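Chains, contacts and geometry: an overview
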Amino acid sequence: MAMLFLQQYGWFVVFGVIGVVFLWSKVQPHLLQWKKKREDEQEYTQYKKDPDLIQSRQEAMDAARLRLQEKHDTQAAKHAEIQKKLDEEKRLNKIKDWEQHQQGKGYRSKYKPEESESSTTGRLPKPKNKRPLRGSDYNPLTGGAGSGYRPSRQGGGTGGG
């Protein structure tokens, strides 16, 4: 019975489904907008009935903001302290270099000592990629898989008036 129905009205069913999907895609944004508007109105009436709810919600938001601000301030203070230490180290190194220069030992040492694990501040050196760009069997003189030489076109003028 179902097979007979699909044989007779199959294309109508297919086009009907496509039409319903198309209409749903057009109507859905309006439904969502209507639903949101209704929820906002319900929330507004609830606030109108109980004004203490607004105040309690505002106080909760202010407390959350205050917590986030305190967290940010502590992180900023830690960062400023670390920066101050690094700046002090740089200043001491410059003084040391200048004193060596005054003694005739050279202005700056070209030798950079490797940093110990305790003095690194979370910075990791970039891993170097040692993979070659082409295989070891590549030789440009053999003329392998390249496109080769192509002479330019021998066409006439490029048109005009």
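Sequence order sets the numbering: in each chain, residues are counted from 1 along the sequence as written. Only residues with pLDDT of 70 or above have their local features reported here, since the model is predicted, and side-chain atom pairs are shown and tallied only from 80 upward, although totals for entire chains, interfaces and linings are computed over all residues. Hydrogens and water are ignored here; the side-chain numbers use all heavy atoms of the structure.

Our focus in this paragraph is the overall build of the chain. Along its length, the chain carries two helices and zero strands. Residue burial is assigned from relative accessible area. The probe radius is 1.4 Å, only protein chains are included, and a residue is buried under 20% of its type maximum, exposed over 50%, and partly exposed in between. In the chain, which comprises 161 residues, the share counted as buried stands at 2%. By definition, any uninterrupted DSSP run of H or I lasting at least four residues is a helix, any uninterrupted run of E lasting at least two residues is a strand, and each is numbered from the N terminus.

The next subject is the packing of aromatic side chains. How two aromatic rings sit relative to each other is set out by the distance from centre to centre and by the angle between their planes. Classification of ring pairs uses Phe, Tyr and Trp, with its six-membered ring standing for Trp, and accepts pairs whose centres are within 6.5 Å; under 30 degrees between planes counts as stacked, over 60 as edge-to-face, and the remaining range as tilted. One pass over the structure, following the stated rule, counts three aromatic pairs. Taken together, a centroid distance of 5.2 Å and an interplanar angle of 45 degrees make the contact between Phe5 and Tyr9 tilted. In this pair, Phe5 and Tyr9 both sit in helix H1 (residues 2-49), four residues apart, roughly one turn of the helix. By relative accessible area, Phe5 is classed as partly exposed at 44%. Look at Tyr9 and Phe12: their rings are 6.4 Å apart centre to centre, the planes differ by 45 degrees, and that puts the pair in the tilted class. Within this pair, Tyr9 and its partner Phe12 are both found in helix H1, separated by three residues, close to a single helical turn. Through a chain of ring-to-ring contacts, the aromatic side chains of Phe5, Tyr9 and Phe12 assemble into a single cluster.

A few words now on H1. What a helix should span is 1.5 Å times the count of its residues minus one. The terminal C-alpha atoms of H1 lie 56 Å apart, and with 48 residues this falls more than 12% below the ideal 70 Å at 1.5 Å per residue. Bend, in this description, refers to the angle at a residue between axes fitted to the seven residues ending there and the seven starting there. The axis of H1 is deflected most strongly, by about 75 degrees, at Tyr9.

Another aspect to go through is a nonpolar patch on the surface. Residues enter patches when their relative accessible area tops 30% and they take part in no salt bridge; the joining distance is 9 Å for like charges and 5 Å for the nonpolar side chains Val, Leu, Ile, Met, Phe, Trp and Tyr. With residues, only the protein chains shown are counted as cover, and all accessible areas are computed by Shrake-Rupley using a 1.4 Å probe. Take a side-chain nitrogen of Lys or Arg and a carboxyl oxygen of Asp or Glu: if they are within 4 Å of each other, that pair is a salt bridge. Taken together, the side chains of Phe5, Leu6, Tyr9, Phe12, Val13, Val17 and Val21 present a nonpolar region at the surface, about 690 Å² in accessible area. Its location among the elements puts Val17 in helix H1.

Let's shift gears to the packing of H1 against helix H2 (residues 51-102). Viewed as axis vectors pointing N to C, H1 and H2 meet at an angle of 105 degrees, and their least axial separation amounts to 4 Å. In terms of their interaxial angle, H1 and H2 are classed as roughly perpendicular. Residues Glu43, Gln46, Tyr47, Lys48 and Lys49 of H1 form the contact with H2, whose own contacting residues are Pro51, Leu53, Ile54 and Arg57. Ten residues, namely Ala, Val, Leu, Ile, Met, Phe, Trp, Tyr, Cys and Pro, are considered nonpolar, four, namely Asp, Glu, Lys and Arg, are considered charged, and the remaining ones, Gly among them, are considered polar. In terms of residue class, the contact of H1 with H2 is built from four nonpolar, one polar and four charged. Between the N-to-C directions of two axes lies an angle of 0 to 180 degrees, each axis being a line fitted to C-alpha atoms and, for a helix, fitted only over the stretch in contact. For classification purposes, angles smaller than 35 degrees are called roughly parallel, those larger than 145 roughly antiparallel, those between 65 and 115 roughly perpendicular, and all remaining angles oblique. Here, residues are in contact when the closest pair of their heavy atoms is within 4.5 Å.

Turning our attention to the pattern of salt bridges. In the structure shown here, the tally under the stated rule is four salt bridges. The salt bridge involving Asp40 is made with Lys36; its shortest N-O contact spans 3.8 Å. Here Lys36 and Asp40 lie together in helix H1, a separation of four residues that amounts to about one turn. Owing to a relative accessible area of 40%, Asp40 belongs among the partly exposed residues under this scheme. The salt bridge partner of Asp62 is Arg65, with a shortest N-O separation of 3.4 Å.

The next thing to look at is H2. Over its 52 residues, H2 runs 76 Å from end to end, which matches the ideal 76 Å to within 8%, given 1.5 Å per residue. Positioned one or two residues after H2, Gly104 has a phi angle of 85 degrees, which is positive.

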